[in-house]
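Summary of the model geometry
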Amino acid sequence: MRRPFVAGNWKMNKGPKDAAALAVEIVAAIKGVDTVDVAVAPVAISLAAVNAIVANTNLGMSAQNMFYEENGAYTGELSPLMLEEIGCTYTILGHSERRQIFGEDDELINRKARAAISHGILPIVCCGETLEERESGSTNDKVAFQVKAALSGIRIEDAFKVTVAYEPIWAIGTGRTASPEQAQEVHAMIRNLLGDIFTAEAADKIRIQYGGSVKPANISDLIAKADIDGALVGGASLKAESFAAIVKACS
Ligand code: 13P
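To keep things clear, this report deals only with the structure shown in the data block. (Residues numbered from 1 in each chain as written. Predicted model: local features only at pLDDT ≥ 70, side-chain atom pairs only at ≥ 80, totals over all residues. Heavy atoms only, no water.)

Here helix H1 (residues 16–29) crosses helix H2 (residues 47–54) at 25°, and the two axes come no closer than 8 Å. Taken together, the axes of H1 and H2 lie roughly parallel to each other. Seen along the crossing, H1 lies across H2 with a hand that is right-handed. Listed contacts from H2 to Pro16, Ala19, Ala20, Ala23, Val24 and Val27 of H1 are Ala49, Val50, Ile53 and Val54. (Axes fitted to C-alpha atoms, helices over the stretch in contact; angles between N-to-C directions. Helix = DSSP H or I, 4+ residues; strand = E, 2+ residues; numbered from the N terminus. Parallel < 35°, antiparallel > 145°, perpendicular 65-115°, else oblique. Left-handed = near helix turned anticlockwise from the far one by under 90°. Contact = heavy atoms within 4.5 Å.)

Before going further, it helps to examine the packing of aromatic side chains. The full count for this structure, using the stated rule, is four aromatic pairs. Connected via pairs of aromatic rings, a cluster forms that spans Phe67, Tyr68 and Tyr74. Taking NZ or CZ as reference, Arg98 lies 4.2 Å from the ring centre of Phe102, over its face. (Phe/Tyr/Trp six-rings, centres within 6.5 Å; stacked < 30°, edge-to-face > 60°. Lys NZ or Arg CZ within 6 Å of the ring centre and 35° of its normal.)

Now for the site of the ligand. The environment of the ligand is formed by Asn9, Lys11, His95, Glu167, Ala171, Ile172, Gly173, Gly212, Ser213, Leu232, Gly234 and Gly235. For the ligand, whose accessible area on its own is 310 Å², the fraction buried by protein is 96%. Residues belonging to the shell around the ligand are distributed by class as follows: three nonpolar, seven polar and two charged. (Near = heavy atom within 4 Å. Areas by Shrake-Rupley, 256 points an atom, 1.4 Å probe, with all protein chains shown as cover. Nonpolar A, V, L, I, M, F, W, Y, C, P; charged D, E, K, R; others polar.)

Turning our eyes to something else, we now look at the sheet that holds strand E6 (residues 163–166). With parallel pairing, eight strands are arranged side by side around a closed barrel as E1-E2-E3-E4-E5-E6-E7-E8. The mean angle between the axes of side-by-side strands here comes to 25°, regardless of whether they run parallel or antiparallel. Sheet topology places strand E7 (residues 207–211) next to strand E8 (residues 230–233); two bridges connect them, and they run parallel. Residue pairing across strands places Tyr210 opposite Ala231, the latter belonging to E8. Here H2 sits on the sheet and contacts strand E2 (37–41) and strand E3 (59–63); the angle it forms with E3, its principal contact strand, is near 165°. (Pairing = 2+ DSSP bridges.)

Turning our eyes to something else, we now look at H1. Taking 1.5 Å per residue as the helical rise, H1 with its 14 residues ought to reach 20 Å, and the 20 Å between its terminal C-alpha atoms agrees with that figure. By the burial criterion, the buried members of H1 are Ala19, Ala20, Leu22, Ala23, Ile26 and Val27. Down the axis of H1, the sector holding all buried residues measures 165°, keeping them to one side. Among the exposed residues of H1, those oriented more than 90 degrees off its buried face are Lys17 and Ala28. Where the residues of H1 are buried, they touch E2, H2, E3 and helix H11 (240–249). (Expected span 1.5 Å × (residues − 1). Buried < 20%, exposed > 50% of the residue type's maximum accessible area, 1.4 Å probe, protein only. Arc of directions from axis to C-beta.)

What follows is the structure in structure tokens.
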């Protein structure tokens, strides 16, 4: 059995003060939950403030992005060593907003994923199709290509360190969730593919989160599906009450 994993992607919201306050509320709201891995991903500038709240609690911390070098002339970037020092267990990589707005490509995301693993940071690797791709029937091809590219060169013994987040772009921030059946179909395809990339045994251990307008009202039907192992939550993770409700529905 895979342990569910729910992460809150706060995106470009909550500076240090507000982030710490929200972390305090979430820690209180999920107290005692011990059957789900939970993390929040604040903006980089709020990581230290959030770590001061969540250290030694059941709330983990993730970055929203990471560069692959340890240090050097990379203006504006953060290294795996820095994320580790500040208390990050995870980092989100290859979010569709990074791909679409900041031009990240599959090769860059793969370098980041490999660097994260070699520095002990657990990558949450995002994939997902546009509405156009879904409507033209190329969802599986697109998602499979992204997953294969992102995980290229990762060793079988490290496979379990990876989380894949399937986030159909048309469902992000739109209030339009993939139906549990639509999501399960892609998750099952991803798990099969992970079996080809690694081994069936390794694929069985990798958690696949669904993301895209996840709310307390729809999480129960999503998490009930065989290959949906949790959620990457955007908007609903900005309120302790809704985020905690999603976490508890997965426990
Ligand atoms: P929403 O939950 O706001 O749709 O965002 C999903 C997402 O992009 C999480 O990474």
